[in-house]
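What follows is each chain in one-letter form.
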Amino acid sequence: MLKIVVMVSGGGTNLQAIMDAIAAGKITNTEIAGVISNKKDAFALERAAKAGIPAQCVSVKDFATRDEFNEALLAAVDSYQPDLVVLAGFLVILPEMLVKNYKNRMINIHPSLIPSFCGAGFYGLRVHEEVLARGNKVTGATVHFVDEGCDSGPILLQKAVEVKYGDTPEVLQRRVMEEAEWNILPQAIDLIANGKVMFEDGHAWVKE
Ligand code: GRF
């Protein structure tokens, strides 16, 4: 059984997609051991509570220094003893120790086709604003393993989404979530839970 911790900062629609996929049997061999948010008012925490999943908030505002926050965040993750850490819209600079301790055991969902429209400052609506500003006809989402960089770890899954004439950033964001994020993040977890992921020359691949 793969034990996962899901880290969130916002509405939790990706968390909901994971919970729904487990309930529907689209993710097997997996349990959500806990949900951690850095925002006390994150609706994702309400989603977890409603599903009876242990959830907690670790807010930087509750600590005198960044180091103390980092230590508390690492301790919170470790407390669930997860096999996999899932970043689902977690908008916090990760402590180095967390990334190091969970190398190849931490994944992130990013709302673009990496390496386009990613890196520092590319999160939320800004990603989709830039896609529209550049005039891209295709965008999408990426699930990648987390390394010490920003959106730079081994890519595991990607799914393309059409950009349509007249799209606003909000409309495009919703389409990318519905058509890509909510599909490939659960799919990635199921693949990992069932031993279907391998690494070669620094790249991640799905075993045929
Ligand atoms: C999603 O758009 C995801 O791509 C990005 O942050 C957002 C999280 O949304 N990483 P939600 O909290 O899962 O609804």
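Look above for the structure.
Definitions and cut-offs
Residues numbered from 1 in each chain as written. Predicted model: local features only at pLDDT ≥ 70, side-chain atom pairs only at ≥ 80, totals over all residues. Heavy atoms only, no water. Helix = DSSP H or I, 4+ residues; strand = E, 2+ residues; numbered from the N terminus. Rg over C-alpha atoms; globule rule 2.2 N^0.38 Å. Buried < 20%, exposed > 50% of the residue type's maximum accessible area, 1.4 Å probe, protein only. Contact = heavy atoms within 4.5 Å. Areas by Shrake-Rupley, 256 points an atom, 1.4 Å probe, with all protein chains shown as cover. Near = heavy atom within 4 Å. Polar contact = N/O pair within 3.5 Å; in protein donor to acceptor, adjacent residues only side chain to side chain. Nonpolar A, V, L, I, M, F, W, Y, C, P; charged D, E, K, R; others polar. Phe/Tyr/Trp six-rings, centres within 6.5 Å; stacked < 30°, edge-to-face > 60°. Lys NZ or Arg CZ within 6 Å of the ring centre and 35° of its normal. Pairing = 2+ DSSP bridges. Axes fitted to C-alpha atoms, helices over the stretch in contact; angles between N-to-C directions.

(A) The overall build of the protein chain, seen in detail. For the protein chain, the count of helices and strands is 6 helices and 9 strands. In terms of overall dimensions, the protein chain is globule-like: its C-alpha atoms have a radius of gyration of 16 Å, near the 17 Å expected for 208 residues. For the protein chain, the C-alpha atoms occupy an extent of roughly 45 × 40 × 35 Å along the three principal directions. Scored against the burial criterion, the 208 residues of the protein chain give a buried share of 49%. Considering only residue pairs separated by 6 or more positions, the protein chain has 64% of its internal contacts joining residues 24 or more positions apart. Accessible surface for the protein chain amounts to roughly 10500 Å². Of this, 52% is attributable to carbon and sulfur atoms.

(B) Focus on the site of the ligand. Around the ligand sit Gly10, Gly11, Gly12, Thr13, Asn14, Gly89, Ile109, Pro111, Met177 and Glu181, and that is every residue in its neighbourhood. Interatomic distance of 2.9 Å between a backbone N/O atom of Asn14 and an oxygen atom of the ligand. Taking Glu181, its side chain carries an N or O atom lying 2.7 Å from an oxygen atom of the ligand. Relative to its free-state accessible area of 360 Å², the ligand is covered by the protein chains to the extent of 88%. Counting residues per element, the ones that place at least two in the shell around the ligand are helix 1 (13–23) and helix 6 (169–193). Among the residues making up the shell around the ligand, the classes are represented as 3 nonpolar, 6 polar and 1 charged.

(C) Here's a closer look at unusual backbone geometry. Backbone torsion omega between Ile114 and Pro115 reads 15 degrees, so that peptide bond is classified as cis. Along the chain, Pro115 falls in the loop between strand 5 (106–110) and helix 5 (125–134). In the Ramachandran plot, Phe117 falls in the positive-phi region, its phi being about 50 degrees despite a non-glycine side chain. Take Phe117: it is sitting in the loop between strand 5 and helix 5.

(D) Broad picture of the packing of aromatic side chains. If you walk through the whole model with that rule in mind, you get 2 aromatic pairs. Directly above the ring of Phe122 sits Arg126, whose terminal nitrogen or CZ lies 4.4 Å from the centroid.

(E) Region of interest: the sheet that holds strand 3 (residues 55–57). Here 7 strands make up an open sheet; going across it, the order is 3-2-1-4-5-6-7 and the pairing mixed. Both edges of this open sheet fall to strand 3 and strand 7 (155–162), since each of them pairs with a single strand only. Here the average twist between neighbouring strands, direction ignored, is 20 degrees. Sheet topology note: the strand 4 (residues 84–87)/strand 5 ladder contains 3 bridges and is parallel.

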